[in-house]
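If you want the building blocks of each chain, they are given just below.
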Amino acid sequence: QKLHQLTNLIQRRRRLAFDVKSTTEKELRDFFWRIVRRTVPILFKLRGDRRALPFVEDFAIPPEKIAEFLHDVHRILNENEVTASVFAHTPQGIISVRPFLSLSRSSDLLTMQRLANQLFERVLDYGGTISGAHGDGLSRTWFLRKQFGRLYNVMAEVKKIFDPQNIMNPGKIVGHPYQGLTDNLRRVICATTVDEPKTEVD
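Residues numbered from 1 in each chain as written. Predicted model: local features only at pLDDT ≥ 70, side-chain atom pairs only at ≥ 80, totals over all residues. Heavy atoms only, no water.

Trainee: Mind showing me how you'd approach the pairing of strand β4 (residues 94-101) here?
Mentor: On a regular strand, each side chain points to the face opposite its neighbour's, so the side chains alternate between the two faces of the sheet. Of all the 8 residues making up β4, 8 are buried; the element is thus mostly covered by neighbouring parts of the structure. Residues I94, S96, R98 and F100 of β4 are buried on one face, and the alternating residues I95, V97, P99 and L101, pointing to the opposite face, are buried as well. In this structure, strand β2 (residues 56-60) lies alongside β4, joined through 3 bridges in antiparallel fashion. When the bridges of β4 are listed, F59 appears paired with I95. With 6 bridges connecting them, strand β3 (residues 84-89) and β4 associate as antiparallel partners. Bridge assignment links F87 to a residue of β4, and that residue is S96. (Buried < 20%, exposed > 50% of the residue type's maximum accessible area, 1.4 Å probe, protein only. Helix = DSSP H or I, 4+ residues; strand = E, 2+ residues; numbered from the N terminus. Pairing = 2+ DSSP bridges.)

Right, here's the structure in full:
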């Protein structure tokens, strides 16, 4: 009964979903979990040189603001003419956005940076964090000074105490020179081959 009340609240009263699937049966529950676990691997099997890139895939915002935030995400994607996979751990407020871009196109690399800037700024506007589940790393280092504010300098000082020669992960998370979003990308060239037409021999 409580489960029914919850799904009714989500779908009909709050209108946060156009459909809701719920179950208390183990077989159907396991089926739902298989769908979740296979989503990302399937994305990497799509044809062409565009891939669902995980450079803005770890937002965390207050759960009650998810609906409004997703509206802004779609607006930003539309403005940049980019398609993306979007999925979430909704109760925790964690949202994964994976735009479909090509690492072999310089125009798409510029789009990567622009998208990251716009989306990261919106996350901060909502009082969230750009690294909710997986932590900070090379793809987020360039923005961390803005996210952490004065705390960034404190973290840099702590690193300097334990790593005065800057030999441990230089430029990652804190320290200088920091790594940019596209500084460490491995360019991918999508090669295509055409089979020669076969000819019959008399």
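What follows picks up the thread again.
Trainee: Honestly, unusual backbone geometry in this entry has me stumped. Any pointers?
Mentor: Its identity is not glycine, yet E81 carries a phi of approximately 55 degrees, on the positive side. Along the chain, E81 falls in the loop between α3 (66-79) and β3. Even without being a glycine, I173 presents a positive backbone phi close to 70 degrees. Mapped onto the secondary structure, I173 falls in the segment after α6 (150-162).

Trainee: What exactly am I supposed to notice about the packing of helix α4 (residues 106-125) against helix α5 (residues 141-148) here?
Mentor: Two packed helices can be described by the angle between their axes and the distance between those axes. With their axes 11 Å apart at the nearest point, α4 and α5 run at an angle of 20 degrees to one another. In terms of orientation, α4 lies roughly parallel with respect to α5. Judged by the sense of rotation from one axis to the other, the crossing of α4 with α5 is right-handed. Counting all contacts with α4, which are made through Q113, A116, N117, F120, E121 and L124, the residues of α5 involved are W142, F143, K146 and Q147. (Axes fitted to C-alpha atoms, helices over the stretch in contact; angles between N-to-C directions. Parallel < 35°, antiparallel > 145°, perpendicular 65-115°, else oblique. Left-handed = near helix turned anticlockwise from the far one by under 90°. Contact = heavy atoms within 4.5 Å.)

Trainee: I would appreciate a short explanation of the side chain of S131 in the present structure.
Mentor: With respect to the secondary-structure elements, S131 resides in the loop between α4 and α5. Residues in contact with S131, not counting those within four places in the same chain, are D58, D136, R140 and Q147.

Trainee: Any chance you could explain the environment of T111 here in plain terms?
Mentor: When you line up the elements, T111 lands in helix α4. Taking relative accessible area as the criterion, T111 reaches 10% and is therefore assigned buried. Setting aside residues up to four positions removed in sequence, T111 forms contacts with V82 and L101.

Trainee: Before we go on, may I ask you to explain the environment of K146 in this structure?
Mentor: Relative to the helices and strands, K146 is located in helix α5. Sequence separation of K146 and E121 is 25 residues, and the distance between their C-alpha atoms is 9.3 Å. With near-sequence residues (within four places) excluded, K146 lies in contact with E121 and L124. Looking at K146, its side chain comes within polar contact range of the side chain of E121, at 2.5 Å. (Polar contact = N/O pair within 3.5 Å; in protein donor to acceptor, adjacent residues only side chain to side chain.)

Trainee: In this structure, what is going on with helix α2 (residues 26-43)? I would like to understand it.
Mentor: Counting along an α-helix, one turn takes 3.6 residues, and residues three or four places apart therefore face a common direction. If you check α2, its first and last C-alpha atoms are 27 Å apart, about what 18 residues at 1.5 Å a residue would give, namely 26 Å. Where α2 bends most, at R37, the angle is about 30 degrees, and the proline P41 comes one to four residues later. (Expected span 1.5 Å × (residues − 1). Bend = angle between axes of the 7 residues up to and from the residue.)

Trainee: Can you walk me through the pattern of salt bridges in this structure?
Mentor: Opposite charge on two side chains lets them pair, provided their charged atoms get close. All told, the structure shown has 12 salt bridges when counted by the stated rule. In this structure, the salt-bridge partner of R75 is E79, at a minimum N-O distance of 3.2 Å. With a gap of 4 residues between them, R75 and E79 both fall in helix α3, about one helical turn apart. Here the salt bridges share partners, and the residues they tie into one network are D72, R75, E79, R122 and D125. (Salt bridge = Lys/Arg side-chain N within 4 Å of Asp/Glu carboxyl O.)

Trainee: Help me understand the packing of aromatic side chains, please; the structure alone is not making it clear to me.
Mentor: Here the distance between the centres and the angle between the planes together describe a pair of aromatic rings. Per the counting criterion, the structure on display carries 7 aromatic pairs. With a centroid separation of 5.4 Å and an interplanar angle of 85 degrees, the aromatic rings of F69 and Y126 are classed as edge-to-face. Highlighted residues: F69 in helix α3 and Y126 in the loop between α4 and α5, separated in sequence by 57 residues. Relative accessible area serves as the criterion here: at 5%, Y126 is assigned to the buried category. Grouped by ring-pair contacts, the aromatic residues F59, F69, F120, Y126, W142 and F143 constitute a single cluster. (Phe/Tyr/Trp six-rings, centres within 6.5 Å; stacked < 30°, edge-to-face > 60°.)

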